[in-house]
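# Architecture and fold: a report
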Amino acid sequence: MALRFTSQFGVTPDRGALANARSFVQTSLAGGELPFALLPYQDEATIGDIETMAHHLRERFKTFVIVGIGGSDLGSRAAHRALNHQFYNLCNERRLFFVGDTTDPRALEEVMDLLNWEETAVVVVSKSGNTIEVMASYLVLRAALQAHVGESYKEHIVAVTDPETGTLREVVKAEEYASIPHPAVGGRFSVLSAVGLLPLALAGLDIRALLHGAKQVLEEQRETALDYAALQHAAYNSGQHIHVLMPYTYALREVGFWFRQLWAESLGKALNLEGQEVHIGPTPIAAVGPTDQHSQVQLYREGPNDKTFTFITVNETSKLQVPQDIPSVPALDY
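This write-up is about the structure you can find in this document. Since this is a predicted model, take the numbers as computed values, not measurements.

Procedures and definitions
Residues numbered from 1 in each chain as written. Predicted model: local features only at pLDDT ≥ 70, side-chain atom pairs only at ≥ 80, totals over all residues. Heavy atoms only, no water. Helix = DSSP H or I, 4+ residues; strand = E, 2+ residues; numbered from the N terminus. Buried < 20%, exposed > 50% of the residue type's maximum accessible area, 1.4 Å probe, protein only. Pairing = 2+ DSSP bridges. Axes fitted to C-alpha atoms, helices over the stretch in contact; angles between N-to-C directions. Contact = heavy atoms within 4.5 Å.

### Description of unusual backbone geometry
Between Gly 289 and the following residue, Pro 290, the backbone shows a cis peptide bond with an omega angle of -5°. Here Pro 290 shows up in the loop between strand E9 (283-286) and helix H12 (297-302). With phi around 60°, Glu 176 is a residue other than glycine that occupies positive phi space. Considering the arrangement of structural elements, one finds Glu 176 in the loop between helix H7 (167-175) and strand E5 (178-181). Looking at Glu 176, the relative accessible area reads 63%, which means it is exposed. Positive phi, close to 50°, is recorded for His 279, a residue that is not glycine. Residue classification places His 279 among the exposed positions, given a relative accessible area of 56%.

Okay, here's the thing in structure tokens:
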């Protein structure tokens, strides 16, 4: 796996600040202070438990409804969309739906219309169980299961939540649901834990290969990531306070929404490390090419110079090509 990074920022990072930042990151990683960076190295027992749970559920059920929001949803959606067919539910015996990220009843009703309840498992993902959107959807789905399968509804519900405390953990104990522990990691960084790995395993993906790829990136691309961060910091200080992420691969469309959360929830700060009031943070914008090349490019090219852009491409495997046999119209000569 290799990341190629080309910069056209036109800014120069503060070398002293960059050195300090690099030292801080290295020290934090070595001291285990960035727990999300340890997820690719989680122990065999933890991975085995996730695989066992996924295997058990796939043996019994054909449809999986993942109930989550924010960090319990966006990363899993992004990975599922990036690695599986865009019409996965039409191409496979098993189906995967993501709900819980809205209180719009129609959105949930439209998923429920498609469910055979005898063949459906509900996976509730929440570290605490205090998120109203998630718990509202869970309660609606619980009631529907009760109505369709009776007392066996408890066998259709699985939770990913804090192993010891929280509202959802209390529900798990009271209802005797099967569960997988949510690690001590912030939700938006948890996709490489059971939060993301269980839904992805249910969707038939090789979670060990995913973790292996994460290790490679962490070990081989760290300098690239630090350079990228330094350039973004320099651009922000030069007045470019908006960052647009624009993948030119439709399968990465959902990555943009996850990126927005990672940046906005991590970098928007009222106070700095010294406790001073600063109110800073780059504004993230999710775009996708070439769709937004044809809907926003005039603003990006002719509007205020207050934005930076990251374009993402991948090595495509499609064999589709524009045919050589085209209508004899001069305007199509290109």
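### A look at the sheet that holds E9
Hydrogen bonds along the backbone pair up the strands of a sheet, which may run parallel or antiparallel. One open sheet accounts for three strands, arranged E9-E6-E10; its pairing is parallel. For this open sheet the edge positions go to E9 and strand E10 (307-312), each flanked by a neighbour on one side alone. Averaged over neighbouring strand pairs, the angle between their axes works out to 20° when direction is ignored. Inspection of the sheet shows strand E6 (residues 242-247) paired to E10 by six bridges, in the parallel sense. Considered in E10, the bridge of Pro 247 is made with Ile 312. Against the sheet, helix H10 (residues 222-237) engages E6 and E10, with an angle of about 155° to E10. Sitting on the sheet, helix H11 (residues 253-267) is in contact with E6 and E9, with an inclination near 175° to E9.

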